[in-house]
Amino acid sequence: MSNLALEAINVSKRFGELRALDRVSLKLAKGGIHALLGENGAGKSTLVKCIVGFYTPDEGEVLLGERQQTIANPRDAHDLGIGMVYQHFTLIPNMTVLENLVLARPHLPAVIDWKKERRAIGERMARMPFQLPLDASVNHLAAGEKQKLEIVKQLLLDVKVLILDEPTSVLTPDEADEVLGRIRDMTRESGLSVLIITHKFREVMTYADDVTVLRRGKHAGSARVSDVDVKGLAEMMVGSEFSQTALAREAVAEQPVKLDIAGLSVEDDSGMSAIHALSLKVKAGEIVGIAGVSGNGQRELVEVLAGQRPSAGGEIRVMGEVYAGRRRDLLRHGFHCLPEEPLRNASVARMSVAENLAFRRFDQAPFSVGGFLRRGAMAVAAARAIVDFKVRPPTPDTPIGDLSGGNVQRAILARELGERQGRPMNVLVVANPCFGLDFTAVAEIHGRIMAARNAGAAVLLVSEDLDEILELSDRIHVMSAGRLVYETTPQAAEPIVIGRHMAGHGGENHVH
Amino acid sequence: MIEDPSQWLTVLIAVLGGAIRVGTPFLFVSLGECLTEKSGRINLGLEGNLIMGAMAGYGVAWITGSAWLGVLAAGATGVVLGFIHALLCQQARVNDIAVGIALMILGTGLAFFLGKPLIQPSAPHLPALHLGAWSDNPALRAALEINALFIVGVILAPAMAWFFRSSRWGLAIRTVGESDQAARAMGLNVNGVRMLATMAGGFLAGVGGAFLSLYYPGGWSEGLSSGQGLMAVALVIFARWDPMRCLYASLLFGGAGALGPSLQSVGVTWGYYLFNAAPYVLTLILMIAASSKKVRSGMPGTLAAR
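We now turn to the structure provided with this report. Owing to the predicted nature of the structure, the values given are computational and were not obtained by experimental measurement. (Residues numbered from 1 in each chain as written. Chains lettered and ligands numbered in written order. Predicted model: local features only at pLDDT ≥ 70, side-chain atom pairs only at ≥ 80, totals over all residues. Heavy atoms only, no water.)

1. Describing the overall build of chain A
The test is simple: Helical segments are the DSSP runs of H or I of at least four residues, strand segments are the runs of E of at least two, and each set is numbered from the N terminus. The quantity called the radius of gyration is restricted to C-alpha atoms. Its globule counterpart is 2.2 Å times the number of residues to the power 0.38. Relative accessible area decides the class of each residue, using a 1.4 Å probe on protein chains only: under 20% of the type maximum gives buried, over 50% gives exposed, and in between gives partly exposed. Residue contacts follow a heavy-atom distance rule, with two residues in contact if any of their heavy atoms lie within 4.5 Å. In this description, accessible areas are obtained by the Shrake-Rupley approach with a 1.4 Å probe, and a residue is regarded as covered only by the protein chains that are shown. Counting rule for charge: Lys and Arg are taken as positive, Asp and Glu as negative, and neither His nor the chain ends is counted. To locate a charge, the coordinates of NZ of Lys, CZ of Arg, CG of Asp or CD of Glu are taken.
Helix and strand counts for chain A stand at 17 helices and 22 strands. Computed over its C-alpha atoms, the radius of gyration of chain A comes to 25 Å, within 12% of the 24 Å expected for a compact globule of 512 residues. A principal-axis box enclosing the C-alpha atoms of chain A has dimensions of 75 × 50 × 50 Å. Every one of the 512 residues in chain A was classed for burial, and the buried ones make up 52%. The contacts in chain A between residues at least 6 apart in sequence include a share of 67% that link residues at least 24 apart. Of the roughly 23200 Å² of accessible surface on chain A, a fraction of 51% belongs to carbon and sulfur atoms. Separation of charge centres in chain A, based on 60 positive and 65 negative side chains, amounts to 3 Å.

Structure follows, in C-alpha cells:
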C-alpha cells in the first residue's frame, strides 16, 4: 500500500509560446500538508488546475493512490475525492450558507426538504473545524468567513485531497493561523491530505510537512520542511538572482504637509458608509503606509483621491489648497495616482500604449497644438517611456489590454512617474502596486516609489501586503471598517499587533 | 365633491374590487417577469406578449367557444415570443433590453394586424365567483365578483415562492441568475435554464393578456392595454424579485388604476384624467424609491453586475 494520496508525474502545459509547466512532478503524502511554493507566474496554479482537470496537461500523468486516473474536468476530480478551493470565491452571495452548502452537492433531489437538510448539515457542521451560521446570507459574511465556508463546503463533500489556492490572501494573520491550524489538525485526525499554494514562507515553515518549489514552470526542489530554512527556500524560489538590497532611504530636509485629509467620509457603491471621518496628513519625503484587509474602505479612499468617487463629507487639501480630484487639480498640484488593477482603473484597454501614456497631457503642447492631436509627438514620448520603464513588448501601438499585468503596471507607472518636463510631483498615491508581479518587477517598482519619496513627494501607499508596507513606509496606519485604528512605525511594528488591528480587535487603541 | 360620508365607503369598496380586477393582469405579467429576471435576464417584451395574448386568447375563445382554451392559446403565444427572446439573447453581444423592445413592438404590431377581424365578434367571458351574493349592497356585490384567473394567480404566487425556495429547478434558476460561473461549476446549462425561464415567463404574461380581452375590460380593441406589461417591470423591482410581494404590489397598482373610475362612479368628475394617471405616477415614485441602492437587496447577481 502506497502512502501517497496523489502523485503528478512529469506534467507539462503550454499556452501558445509560453511553457507554463515543464515536466513537473509532485508527491502528496497521505495525511499531511504539502506546500506548493513559488513566485507569481511560476506555474503553481497551472499545476493544480491540471491535477483537478480544469486544464488538460500536454504530457504527464496523475496517479491517485497507485492507480493512474484520467481527470477530464473538475467533476471527475470531485468524484475521485479531490476538492479545490479557488482563489476567487465561488459562493453565491444572495443565498444563505445552508443554501450554498446544499447546492454544492452533486445530486440534488427534485424537492429539497430544508428541515432535513438543516438537521443533517447542522450535525456535520458541529464536527467541522469552523462553525458558520447556517441562515446568514453569504454577502453578509466577512472575507475570512467566506474562505472558511469554501473550505467547509469541500469538507462536507468528503474529499480526501483538498487543494487550497492562496487560502490566506484575504485573511488577517490571526485568521490565517486559525484556518491553517485547524486544517493541520484535520490532516492528523482524519487522514485528509492537503496541497496549499502559497508564496508566504512563514506559512510553509509553520504548517506544512513537505514543500515543493516551482520556478518559471520548472520543478526547483522538494524537501521535508523540517530539513530546510527560509533562506534555502528563497534561493530555490528565485534562483541565483535573489538579492534583497535595502532601498536607499534618504533624509529629506524640509517636510511641509503636502496631502492633508480632514474628516473624510465616503459611501460605497450600495450607499453604505465606507469611510468614517478619516483624517490623515502626509508630509513631503514621507511614505505613509495604509495596511488592512481588503474591503475595509481602502478602495474607496483611493477612488476619492483619484477623483473617481465623490466624498460624502470632509475635506482634502493638496499643497494647502482644497482638492476636488478634477483633472485640473491633478495637473496643477502634481498629483499622481497608481490605483490597483490599473488595466481596469487607470487605462482604456482597447487604446494603444501611446494613447494611454498621453492621458494626463494629451490636450497640452506638444501633444496637442491648436486643438489637433499630434500623434507623432505622443509616439516619440511613448517610445522613450517604454525604454525607461522596460515595458514589454516595446511597441507603442499595441493595445494596452494585450500587455501582461506587470507590463500594464509599468506603463501606467511610466505615465505617473515618468517625464514631467519640470512639473513638480507633490503627491503620489499607490494602491497594491505589486499585486501579481514577479520579484524583479516588485524590486523595480519599489525602487521607483522610494525614489519619488526621496525627491520630495508625499507618498500614500495602500497595500494588502504587510511586508511591502513594512519595507517601504516611514509611518504605518492600519485601516479597519473605514477607520484608521492604529498608528506605528516600521521599527516599532509587531506583525501580530498590526494583524489584530486589521481584524478590528484593537483593544484599548481602538478609535471610536 | 363628496358630501355624504357613506360615499367614501362606496369609493373604498370600488377601489378594493378594482384592485383585484385591474391588478390581475399586473399579477400575471409581474410573476412572469419575476421568473425570467430570476434567471438573470430582463424581458421588456412582455408588453408585446400581453397584447398578443389578449388578441390570441380572444380569437381562440371566439372560435372554440371556450374561454379557457383562449387562455391556453394566449399562454402559447407568450411561450413563442419568450422562445424568440431567449434565442436572440443567447447569441454573442446581443442585449436583452434591445431585444425586449423589438419584441414589444413586434408583438403589438402583429396583434393589431391579426386582430382586425376580432373587433366585432363577441367571445365567451371567463367565469367569476360571486362571493358577494349574501349582501344586498350592489357596490359590494360588484366588488366581490372575483374572477377565476385572479384565484389562479393568488395560488400561483406562493407556489412560485415555494418553487424558488425548495425545488431543484427553482434553485437552478436562482443560481443561473446569481452567477454564470457558479451555475457552470454546478454543471447547469445556463442558456437552457434561461430559455425555459423566459418561455415560462412569456406564458404567464400571455395569460395576463387573455384576462384583458376575456374578462376586464373585455373584448378586443387596440387600446386594450395601457402599458401594464411595461409597468410590471417596475413592479418586479419594487417587489424585490419576491413572488408574494409581486402579488401585493399588483393589488396596489390595481387599486391605483381603479381610483379614477371609482371616484367617477360616485359623481366626482373633477380630475378624472389625473386620477387615471395614478398608476403611472405610482410607477415613477416607486422607481425613484427603488433607485436608492439600499433597496437593491434581492436583485439577482447577474442583473446587479451590469
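2. As for the interface of chain A and chain B
The condition that has to hold: Defined here as a combined quantity, buried area equals the accessible surface (1.4 Å probe) lost by two parts on assembly, summed across both. The term salt bridge refers to a side-chain nitrogen of Lys or Arg lying within 4 Å of a carboxyl oxygen of Asp or Glu. We define a polar contact as two N or O atoms separated by no more than 3.5 Å, with the added condition that, inside protein, one atom must be a possible hydrogen donor and the other a possible acceptor, whereas residues neighbouring each other in sequence contribute only through side-chain atom pairs. Any residue outside Ala, Val, Leu, Ile, Met, Phe, Trp, Tyr, Cys, Pro, Asp, Glu, Lys and Arg is labelled polar, Gly included; the first ten of those are nonpolar and the last four are charged.
If you look at the interface, chain A gives 17 residues, while chain B gives 19 residues. Interface of chain A and chain B: buried area, both sides summed, is about 1500 Å²; carbon and sulfur atoms make up 57% of it. The interface formed by chain A and chain B contains 1 salt bridge. Of the charged contacts in the structure, one is a salt bridge between Glu99(A) and Arg174(B), with a shortest N-O distance of 3.1 Å. Remark: the boundary between chain A and chain B carries 8 residue pairs in polar contact (both at pLDDT 80 or more). Looking at the side of chain A that touches chain B, its residues break down into 10 nonpolar, 4 polar and 3 charged.

3. Quick notes on the sheet that holds strand β15 (residues 321–322) of chain A
Residues and elements named next belong to chain A. Worth spelling out the cut-off: Strands are treated as partners if at least two bridges between them are detected by DSSP. Axis angles are defined between N-to-C directions and span 0 to 180 degrees, where every axis is a line fitted to C-alpha atoms and, for a helix, only to the segment in contact.
Taken together, the 4 strands give an open sheet; going across it, the order is β12-β11-β14-β15, and neighbouring strands pair in antiparallel fashion. Edge strands, defined here as strands with exactly one partner in the open sheet, are β12 (273–283) and β15. Across 7 bridges, the pairing between strand β11 (residues 257–267) and β12 is antiparallel. Residue pairing across strands places Glu267 opposite Ser273, the latter belonging to β12. Taken strand by strand, helix α9 (residues 298–306) contacts β11, β12 and β14 (313–318), and its axis lies near 120° from that of β11.

4. Describing the pairing of strand β16 (residues 335–338) of chain A
All names here are of chain A. The two faces of β16 match: Phe335 and Cys337 on one face and His336 and Leu338 on the other face are all buried. One ladder, built from 4 bridges, connects β16 with strand β19 (residues 427–431); its direction is parallel. Each residue of the ladder has a partner; that of His336, found in β19, is Leu428.

5. Side note on a nonpolar patch on the surface
How we decide: Residues enter patches when they are more than 30% accessible in relative terms and free of salt bridges; like-charged ones are connected within 9 Å and nonpolar ones (Val, Leu, Ile, Met, Phe, Trp, Tyr) within 5 Å.
Where nonpolar side chains cluster on the molecular surface, the patch consists of Leu106(B), Leu110(B), Phe113(B) and Leu114(B) and spans about 380 Å² of accessible area. Since its relative accessible area comes to 34%, Leu110(B) is described here as partly exposed.

6. A few points about the nonpolar core
Residue and element names in this part refer to chain B. What counts here: Put simply, buried Ala, Val, Leu, Ile, Met, Phe, Trp, Tyr and Cys residues joined by side-chain atoms within 4.5 Å make one nonpolar core.
Core analysis: the largest hydrophobic core is formed by 58 residues, its most contacted members being Leu31, Leu126, Leu214 and Trp220. The biggest single contributor to this core is helix α9 (residues 190–214), with 10 residues. Residue contacts for Leu126: discarding those within four places in its chain leaves Ala67, Trp68, Val71, Leu149, Leu214 and Tyr215.

7. Re the pattern of salt bridges
Residue and element names in this part refer to chain A. Overall, the coordinates contain 31 salt bridges over all chains when judged by the stated rule. Two residues, Arg309 and Glu303, come together in a salt bridge whose shortest N-O distance is 2.6 Å. Both residues of the pair, Arg309 and Glu303, belong to the buried class. By sharing partners, the salt bridges in this structure join Arg299, Glu300, Glu303 and Arg309 into a single network.

8. Here's the deal with the side chain of Glu416(A)
All names here are of chain A. Assignment of secondary structure puts Glu416 in helix α14 (residues 405–417). A polar contact is formed between the side chain of Glu416 and the side chain of Arg415, at a distance of 3.1 Å. Not counting chain neighbours up to four residues away, the residues in contact with Glu416 comprise His336, Cys337, Arg360 and Met425.

9. A word on α9(B)
Residues and elements named next belong to chain B. Applied cut-off: Every helix has an expected span of 1.5 Å times one less than the residues it contains.
The end-to-end C-alpha distance of α9, which contains 25 residues, comes to 36 Å, matching closely the 36 Å that a straight helix rising 1.5 Å per residue would cover. In terms of burial, α9 is a largely internal element, 20 of the 25 residues being buried. Of the residues flanking the start of α9, the one acting as N-cap is Asn189, its side-chain oxygen 3.3 Å from the backbone nitrogen of Asn191.

By themselves, these observations are geometric and do not establish any function.
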